[in-house]
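Descriptive analysis of the structure
Spelled out from the first residue to the last, the chains are:
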Amino acid sequence: MLENISRMQYSPAVILEGPQGVDKNQTILDYIASQLFTNRYHQQEQLSSIREMIKTNTHPDLYIFSDQQIAIGESKKKAENGSVRHLLNHFIPYAPRLSSRRFVYFKDAAKIRNEAESALLKVLEEPGSYTGFL
């Protein structure tokens, strides 16, 4: 499946079922690192720094939600980091900065609250051509 995603033969939203575990999480993060790495700006020797940015959630082309409850957030102007409104207002509208793609990773999609799920519906149905959801 990850090979198909790499070749751009995928649905923009990919759901991996099963219990959350270290191996599953690490496989997804390694895949995201490989995709963020294969772009016009980074060289091979920078792969470890990209992996570190992903682990610390500091890569500008990656938005990671924790495995806690995911809320819709306050009003658009006051949306806190880690909320769906923050994602929709401060990440989704923009093109990738350091890569050719951007990724949104929900560690546990079952933790998305109903109102947040409703707010995500349109962007999941019609994501930008450079945004992938895992």
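This one's a predicted model, so the numbers in the text were calculated from it and none came from an experiment.

**Notes on the sheet that holds strand β1 (residues 62-65)**
Strand order in the open sheet formed by three strands is β1-β2-β3, and the pairing between neighbours is parallel. The open sheet terminates on both sides in strands that have one partner only, identified here as β1 and β3 (131-133). The sheet shows a mean angle of 10° between the axes of neighbouring strands, direction not considered.

**Details of the packing of aromatic side chains**
Evaluated as defined, the whole model comprises three aromatic pairs. Seen in terms of ring centroids, Y63 and F65 are 5.0 Å apart; in terms of plane orientation they differ by 50°. Their pairing is tilted. Residue Y63 is classed as buried on the basis of its relative accessible area, which comes to 7%. Accessibility expressed as a relative area gives 2% for F65, which makes it buried. Consider the rings of F65 and F106, whose centres lie 4.6 Å apart with planes at 5°: the pair is stacked. Separated by 41 residues along the polypeptide, F65 in strand β1 and F106 in strand β2 (residues 102-106) bring together distant segments of the chain. An identical accessibility class is assigned to F65 and F106; each is buried. Of the aromatic side chains, those joined through ring pairs into one cluster are Y63, F65, F91 and F106. It is R102 that lies over the ring of F91; its NZ or CZ is 3.7 Å from the centre.

**Considerations on the environment of H90**
Within the element layout of this structure, H90 appears in helix α4 (residues 84-90). H90 sits 11 residues away from A79 along the chain, and the two C-alpha atoms are 9.3 Å apart.

What counts and how
- Starting from 1, residues in each chain are numbered consecutively following that chain's sequence as written.
- Owing to the predicted nature of the model, reporting of local features is limited to residues with pLDDT of at least 70; listing and counting of side-chain atom pairs is limited to 80 or more, with chain, interface and lining totals taken over all residues.
- Hydrogen atoms and water are omitted, and side-chain values are computed over all heavy atoms in the structure.
- Two strands are said to pair when DSSP picks up at least two bridges between them.
- Secondary structure elements follow DSSP: runs of H or I of four or more residues count as helices, runs of E of two or more count as strands, with numbering from the N terminus.
- Here the axes come from fitting lines to C-alpha atoms, over the contacting stretch only for helices, and the angles between their N-to-C directions go from 0 to 180 degrees.
- The rule is short: rings of Phe, Tyr and Trp, with Trp giving its six-membered ring, pair when the centres are within 6.5 Å, and they are stacked under 30 degrees, edge-to-face over 60, tilted in between.
- Residue exposure (1.4 Å probe, protein chains only): buried if accessible area is under 20% of the type maximum, exposed if over 50%, otherwise partly exposed.
- Only lysine NZ and arginine CZ atoms are considered, and such an atom sits over a ring when it is within 6 Å of the ring centre and within 35 degrees of the ring normal.

In short, shape yes, function no, at least from these values alone.
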